[in-house]
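# Commentary on secondary and tertiary structure
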Protein chains: 4
Amino acid sequence: MNPAPLSGKRIVLTQSDVFMGPALSTVLQAQGATVIGDTRALDATGAAAELVREAGTVDVLIAHLAVPNPGTTVLDGSEDEWRTVFAHMVDPLPRLARAVLPQMIERRSGKILVMGSASALRGMKRASSYSAARGAQLAWAQAVGVEVAPHRIQVNAIAQNLVENPTYFPPEIQALPKFKERIKWEMPLGRLVSAEEDAHFAAYLCSEAADCFVGQVFPVCGGWVPR
Amino acid sequence: MNPAPLSGKRIVLTQSDVFMGPALSTVLQAQGATVIGDTRALDATGAAAELVREAGTVDVLIAHLAVPNPGTTVLDGSEDEWRTVFAHMVDPLPRLARAVLPQMIERRSGKILVMGSASALRGMKRASSYSAARGAQLAWAQAVGVEVAPHRIQVNAIAQNLVENPTYFPPEIQALPKFKERIKWEMPLGRLVSAEEDAHFAAYLCSEAADCFVGQVFPVCGGWVPR
Amino acid sequence: MNPAPLSGKRIVLTQSDVFMGPALSTVLQAQGATVIGDTRALDATGAAAELVREAGTVDVLIAHLAVPNPGTTVLDGSEDEWRTVFAHMVDPLPRLARAVLPQMIERRSGKILVMGSASALRGMKRASSYSAARGAQLAWAQAVGVEVAPHRIQVNAIAQNLVENPTYFPPEIQALPKFKERIKWEMPLGRLVSAEEDAHFAAYLCSEAADCFVGQVFPVCGGWVPR
Amino acid sequence: MNPAPLSGKRIVLTQSDVFMGPALSTVLQAQGATVIGDTRALDATGAAAELVREAGTVDVLIAHLAVPNPGTTVLDGSEDEWRTVFAHMVDPLPRLARAVLPQMIERRSGKILVMGSASALRGMKRASSYSAARGAQLAWAQAVGVEVAPHRIQVNAIAQNLVENPTYFPPEIQALPKFKERIKWEMPLGRLVSAEEDAHFAAYLCSEAADCFVGQVFPVCGGWVPR
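For clarity, every value in this text was computed on a predicted model and none was experimentally measured. (Residues numbered from 1 in each chain as written. Chains lettered and ligands numbered in written order. Predicted model: local features only at pLDDT ≥ 70, side-chain atom pairs only at ≥ 80, totals over all residues. Heavy atoms only, no water.)

## Some points on the overall build of chain A
Note the following rule: Secondary structure follows DSSP: runs of H or I at least 4 residues long count as helices, runs of E at least 2 residues long count as strands, and numbering of each begins at the N terminus. Our radius of gyration looks at C-alpha atoms and nothing else; its globule reference is 2.2 Å times the residue count to the power 0.38.
For chain A, the count of helices and strands is eight helices and six strands. Each helix and strand of chain A, placed in order from N terminus to C terminus, yields the pattern β-α-β-α-β-α-α-β-α-β-α-α-α-β. Computed over its C-alpha atoms, the radius of gyration of chain A comes to 17 Å, within 12% of the 17 Å expected for a compact globule of 227 residues. Overall size of chain A, expressed as C-alpha extent along the three principal axes, is 50 × 45 × 30 Å.

In structure tokens form, the structure reads like this:
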């Protein structure tokens, strides 16, 4: 086996400083990738094109678009919340694709991996704007994955939930009795997925071994959804 | 069995003049419902609240939000197309919910049925903006369905595809050899689902017999997806 | 709407005296069906053929094949348990199909509805033999549904769980604190599905309005799985 | 990254001489595993226990249980066919589990990977006995996966279809115009999945990086099903 399966791969990672960004960077680099981490806000119309122009050759684009779940009920949600969630998590997707696909189509090679959420696969309370945006991400990856597969480009998505990360599950949350009860009832794995486990799976999907997957959604959530 | 299972029900149906609107109106009325059909565009921020205010008591809201699939590739899509698709099909959902849920919560009774699309469940070419918006709809229905279930309110979605309707499948399309080949390969049913069949199933989900379904997505697509 | 949508339909219901049998009989008859209830054990090789021969014309066959979940862990399971579960719930399916399909194919009309379980859609502890058998049922319905659709025959399945019935959820079980906690955590509906709700949905799938569904699996489990 | 992620792992592979067996052996060994390939028929009651006894320490058991799809319609199927398919593909599962789980539970470490089929996730013609058995496999993996997760044991399944292998897709089949048309219509990937790609993914699921997956089903079928 190749000790550096991502050797020579230039991987663009958006929002590389938050959420799964640091864990992804570490694991991808350890596997030989050149990670072009980016931290700019992508809600502005031209940001995606600019990012890709600066990045040069992109073998893999990781569309890692996250905002914290606002946590409001549908009744307490606002226009602003809705717009913000979609502006950051959903609207950048086609812009990133339009910026990066031409070079991939020309090389007949490339991958886009959407870091999505299993909240789109199973209903959760106080997460309707967030889940809706996540649902848009997954369906988009399925559709684009089927569309660009003939160019030998692979678009897939991870649908994660209950993955350890400082944004969603800081130690003080993990210490709560209610949190422990939730893990017991909702999480067959019996613990949070570690950030490294999630990142390793993402790295696998970025590698050539995963050329056979197109338009597919992979839950990474410790059994919270079975597929 | 009740010959008029929707007798006494006041059902608001958005975009009642297009797409599945006419078939839904006919079937719901035949089953005893008072259908408050509405034809205003719902992309304006205040339209949903206005609609519900005018409607008075609403037992069931059918969020029937549709635009034709633009049919572009992801490369040919534009900001305008994306914004239009989401403005008409996705953004009205929380506005409608915020307008109609308070009276339902007060009565501890009510239903929202989202007329969604199976294009969010299986990838299709030239449908990425459309599928993304449809994915947002389904995930939203799942999340809100779980959230409002304790109020004895049921939110569910139909995920339809390959249903006979003048917008998507006019006779001239159905006559094309390519269309027939598509039906043969992709449609276990071997024919389009009729608009009446789809509307009957929607009527069932509007009835009290369906009080047991919450946050659920029902494919109506002749076996194009099995669940 | 037809007050007796199953009028004139001859529906064979296996194991009509147990599990969902009584509720199904009542609801189907109330909708006009002639229910040919059968109570023989179907694990014997010739029983299915005999049953259908005696029944005469069969418009709909409800393959209602149930044994209580043995409730053992995989380690405590036995050959006998495994064999019994499959002999009663799985092996009769192709026999029933071979007995009843010829007359349906000749008439170019007919339905088979498998009363299956959502335990095949989401993992449960102490249910591996049971879930495996239920998984066979659902996959069989999908495959046969696609195969016989061209004959205008519809084969579908209900995947139920947490439906009120004296076998699985007698009052003493429902009174347990642990049961209430399970409902709270696992059941978005917040209560068991009633036997009547389940039977009404089955009746719908037996009616001509449901001619558009083939090879499909419908969860009826109060949101325990979203689709 | 570990150049030999399976170094030191003793992996039992059943039916190692057929179907995916050779490709799995090659890839697992290349990643450092000691592969204990076994070729005995497992339909005899005592065979699974004997196999595990002879194998000694088992870190991972790959339940690779396959027979060719009989290819009969449900009408042409026979008792013998049904019994054979289940005896080889389904009945060995609990026997293998009962033989191998005690040592894994004692070590609080171990994995079972079921090499299953996507034919259980989407209906196919002339595959009802085969699909039913495959459905039993997947549902069993989900249930046992949830049950044994607290012992730090991971049970998961691959649901493959349209993977290159000499049994199902010999060159003469691949050369048929009808086969090419099937790939065009049913396979977003546009080609068969290679045996190596499938084996690499299986190897990943056998590695410690995959400790976070329990009771999960992973389609490997080039987009034939999206999840």
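## Quick word on empty space enclosed by the protein
For clarity, the threshold we go by: Whether a set of points on the 1 Å grid over the protein atoms alone is a cavity depends on a 1.4 Å probe fitting there but being unable to get out, while an open set qualifies as a pocket with protein on both sides within 12 Å along at least five of seven lines; lining residues are those with an atom within 4 Å of a point. Grid points are joined across faces, edges and corners, and a volume is the space filled by probe spheres set on the points. Note on residue classes: Ala, Val, Leu, Ile, Met, Phe, Trp, Tyr, Cys and Pro are nonpolar, Asp, Glu, Lys and Arg are charged, and everything else, Gly too, is polar.
Counted under the stated rule, the structure contains ten cavities of 30 Å³ or more. As a volume, the largest cavity reaches approximately 360 Å³. Lining the largest cavity are 24 residues, with Arg 227 of chain A, Arg 227 of chain B, Arg 227 of chain C together with Leu 121 and Arg 227 of chain D positioned closest to its centre. Here the lining of the largest cavity is composed, by residue class, of 16 nonpolar, no polar and eight charged.

## Focus on helix 7 (residues 177-186) of chain B
As a reminder, the rule being used: A 1.4 Å probe rolled over the protein chains alone gives each residue an accessible area, and that area as a share of the maximum for its type sets the label: buried under 20%, exposed over 50%, partly exposed in between. Note on definitions: a residue-residue contact is assigned when non-hydrogen atoms from the two residues lie within 4.5 Å.
By the burial criterion, the buried members of helix 7 of chain B are Phe 179, Ile 183, Trp 185 and Glu 186 of chain B. Contacts from the buried residues of helix 7 of chain B go to helix 6 (171-174) of chain B together with helix 7 (177-186) of chain D.

## A few points about the relation of the copies chain B and chain A
The criterion, for reference: Copy-to-copy alignment: least squares on C-alpha atoms, limited to residues at pLDDT 70 or above in both.
Of the two same-sequence chains, chain B is brought onto chain A (RMSD 0.0 Å, axial shift 0.0 Å) by a rotation of 180 degrees. Read as a symmetry element, the transformation amounts to a two-fold axis. Interface overlap between copies: 100% of the residues of chain B at the interface are likewise at the interface in chain A, consistent with a symmetric, same-surface contact.

## Here's the deal with the interface of chain B and chain A
As a reminder, the rule being used: Reported buried area values correspond to the accessible surface (1.4 Å probe) lost by two parts on association, with both partners' losses combined. By salt bridge we mean one thing: a side-chain nitrogen of Lys or Arg within 4 Å of a carboxyl oxygen of Asp or Glu. Any N or O atom pair separated by 3.5 Å or less is treated as a polar contact, with the protein-specific requirement of one donor-capable and one acceptor-capable atom, and with residues adjacent in sequence counted only for side-chain atom pairs.
Contacts between the two partners involve 43 residues from chain B and, on the opposite side, 43 residues from chain A. Approximately 3300 Å² of surface area, both sides summed, lies buried where chain B meets chain A, with 63% of it carried by carbon and sulfur atoms. Among the residues of chain B in contact with chain A, Val 74, Arg 98 and Glu 147 of chain B are the three that bury the most area, contributing 20% of the side total. Summed over the shared surface of chain B and chain A, the number is four salt bridges. A salt bridge links Arg 95 of chain B to Glu 79 of chain A; the nearest nitrogen and oxygen atoms lie 2.4 Å apart. At the boundary of chain B with chain A, the tally comes to ten residue pairs in polar contact (both at pLDDT 80 or more). Contributing elements (two or more residues each) for the side of chain B that touches chain A: helix 3 (79-89), helix 4 (92-107) and helix 5 (128-148) of chain B. Counting residues per element, the side of chain B that touches chain A draws most heavily on helix 5 of chain B, at 13 residues. Considering only residue class, the side of chain B that touches chain A consists of 23 nonpolar, ten polar and ten charged.

## Notes on the relation of the copies chain A and chain C
Here chain A sits on chain C after a turn of 180 degrees about the axis and a move of 0.0 Å along it, with an RMSD of 0.0 Å. A shared interface surface links the copies, since 100% of the contact residues of chain A are contact residues in chain C too.

## Some points on the sheet that holds strand 5 (residues 153-160) of chain D
All names here are of chain D. Our working definition: Pairs of strands are assigned from DSSP output, requiring at least two bridges between the strands. For helices, the fitted line uses only the C-alpha atoms of the stretch in contact; every axis is such a line through C-alpha atoms, and the angle between N-to-C directions lies from 0 to 180 degrees.
Taken in spatial order, the six strands make up an open sheet running 2-1-3-4-5-6, and their pairing is parallel. Strands with a single pairing partner mark the edges of an open sheet, and in this sheet they are strand 2 (34-37) and strand 6 (217-220). The mean angle between the axes of side-by-side strands here comes to 20 degrees, regardless of whether they run parallel or antiparallel. Of the strand pairs in this sheet, strand 1 (residues 10-13) and strand 2 are connected by four bridges, and their pairing is parallel. Within strand 2, the residue paired with Arg 10 across the bridge is Thr 34. Along the sheet face, helix 5 (residues 128-148) touches strand 4 (110-117), strand 5 and strand 6 and points at about 160 degrees away from the line of strand 4.

## Let's talk about the pattern of salt bridges
In the structure shown here, the tally under the stated rule is 43 salt bridges over all chains. Put simply, Glu 186 of chain B and Arg 182 of chain B hold a salt bridge, and the shortest N to O gap is 3.3 Å. Highlighted residues: Glu 186 of chain B and Arg 182 of chain B, both in helix 7, separated by four residues, approximately one helical turn. The shortest N-O distance in the salt bridge between Arg 40 of chain C and Glu 54 of chain C comes to 2.8 Å. Placement of Arg 40 of chain C in the loop between strand 2 (34-37) and helix 2 (47-55) and of Glu 54 of chain C in helix 2 is noted, with a sequence separation of 14 residues between them. A relative accessible area of 55% places Glu 54 of chain C in the exposed class.

## As for helix 1 (residues 21-30) of chain A
All names here are of chain A. Burial in helix 1 covers these residues: Gly 21, Ala 23, Leu 24, Ser 25, Val 27 and Leu 28. Where the residues of helix 1 are buried, they touch strand 1 (10-13), strand 2 (34-37), strand 3 (60-63), strand 4 (110-117) and helix 8 (195-206). Gly 32 lies just past helix 1 and shows a positive phi near 100 degrees.

## Here we look at the interface of chain A and chain C
Each partner contributes to the interface: chain A provides eight residues, whereas chain C provides eight residues. Here chain A packs against chain C, burying approximately 760 Å² in sum over the two surfaces, 59% of which is carbon and sulfur.

## Let's talk about the environment of Ala 47 of chain B
All names here are of chain B. Mapping Ala 47 onto the fold places it in helix 2 (residues 47-55). A sequence separation of 109 residues divides Ala 47 from Asn 156, and the C-alpha atoms of the two residues are 22 Å apart. With residues near it in sequence (within four places) discarded, Ala 47 still touches Arg 40, Ala 41 and Leu 42.

## Concerning the sheet that holds strand 4 (residues 110-117) of chain B
Residues and elements named next belong to chain B. Taking strand neighbours across the sheet as the criterion, the six strands line up as 2-1-3-4-5-6 in an open arrangement whose pairing is parallel. The open sheet has two free edges, formed respectively by strand 2 (34-37) and strand 6 (217-220), since each of these has just one partner strand. Across the sheet, the mean angle separating the axes of adjacent strands is 20 degrees when strand polarity is ignored. Sheet analysis places strand 3 (residues 60-63) next to strand 4, joined by four bridges and oriented parallel. Bridge pairing in strand 4 places Ala 63 opposite Val 114.

## Considering the packing of helix 4 (residues 92-107) of chain C against helix 5 (residues 128-148) of chain C
Residue and element names in this part refer to chain C. Heads up, the rule is: Throughout this description, any angle smaller than 35 degrees is read as roughly parallel, any larger than 145 degrees as roughly antiparallel, any in the 65 to 115 degree range as roughly perpendicular, and the remainder as oblique. Handedness of a helix crossing follows the sense of rotation of the near helix relative to the far helix, less than a right angle counterclockwise being left-handed and clockwise being right-handed.
Across the interface, helix 4 lies against helix 5 with an axial gap of 11 Å and an inter-helix angle of 25 degrees. It follows that helix 4 is roughly parallel to helix 5 by the angle criterion. Crossing handedness for the pair helix 4 and helix 5: right-handed. Between helix 4, through Leu 93, Pro 94, Ala 97 and Leu 101, and helix 5, the contact on the second element is made entirely by Gln 137, Trp 140 and Val 148.

## Regarding the pairing of strand 1 of chain D
Residue and element names in this part refer to chain D. We apply this condition: We call a crossover right-handed when, viewed with both strands directed away from the observer, the connection leading from the first strand over the helix to the second proceeds clockwise.
Between the parallel elements strand 1 and strand 2, the chain passes through helix 1 (residues 21-30) in a crossover that is right-handed. Pairing geometry for strand 1 and strand 3 (residues 60-63), over three bridges, is parallel. Opposite Leu 13, over in strand 3, you have Ile 62 as the bridge partner.

## Re the packing of aromatic side chains
Quick reminder of the rule: Centre distance within 6.5 Å is the pairing criterion for rings of Phe, Tyr and Trp, where only the six-membered ring of Trp is used; planes under 30 degrees apart are then read as stacked, over 60 as edge-to-face, and the remainder as tilted.
Summed over all chains, the structure comprises 46 aromatic pairs over all chains. Of the aromatic side chains, those joined through ring pairs into one cluster are Phe 201, Tyr 204, Phe 213 and Phe 218 of chain A together with Phe 201, Tyr 204, Phe 213 and Phe 218 of chain D.

## Some words on the confidence of the model for chain A
To keep it simple, the criterion reads: The pLDDT score gives, residue by residue, the confidence of the prediction method on a 0 to 100 scale.
When the pLDDT values of chain A are averaged, the result is 96; 99% of them are 70 or greater. Two summary scores accompany this predicted model of the complex, namely pTM at 0.98 and ipTM at 0.97.

## Description of unusual backbone geometry
Positive phi values are uncommon outside glycine, yet Arg 126 of chain C reaches one of about 55 degrees. Mapped onto the elements of the fold, Arg 126 of chain C is located in the loop between strand 4 (110-117) and helix 5. Arg 126 of chain C gets classed as partly exposed once you look at its relative accessible area, which sits at 44%. With phi around 45 degrees, Gln 15 of chain D is a residue other than glycine that occupies positive phi space. Owing to a relative accessible area of 13%, Gln 15 of chain D belongs among the buried residues under this scheme.

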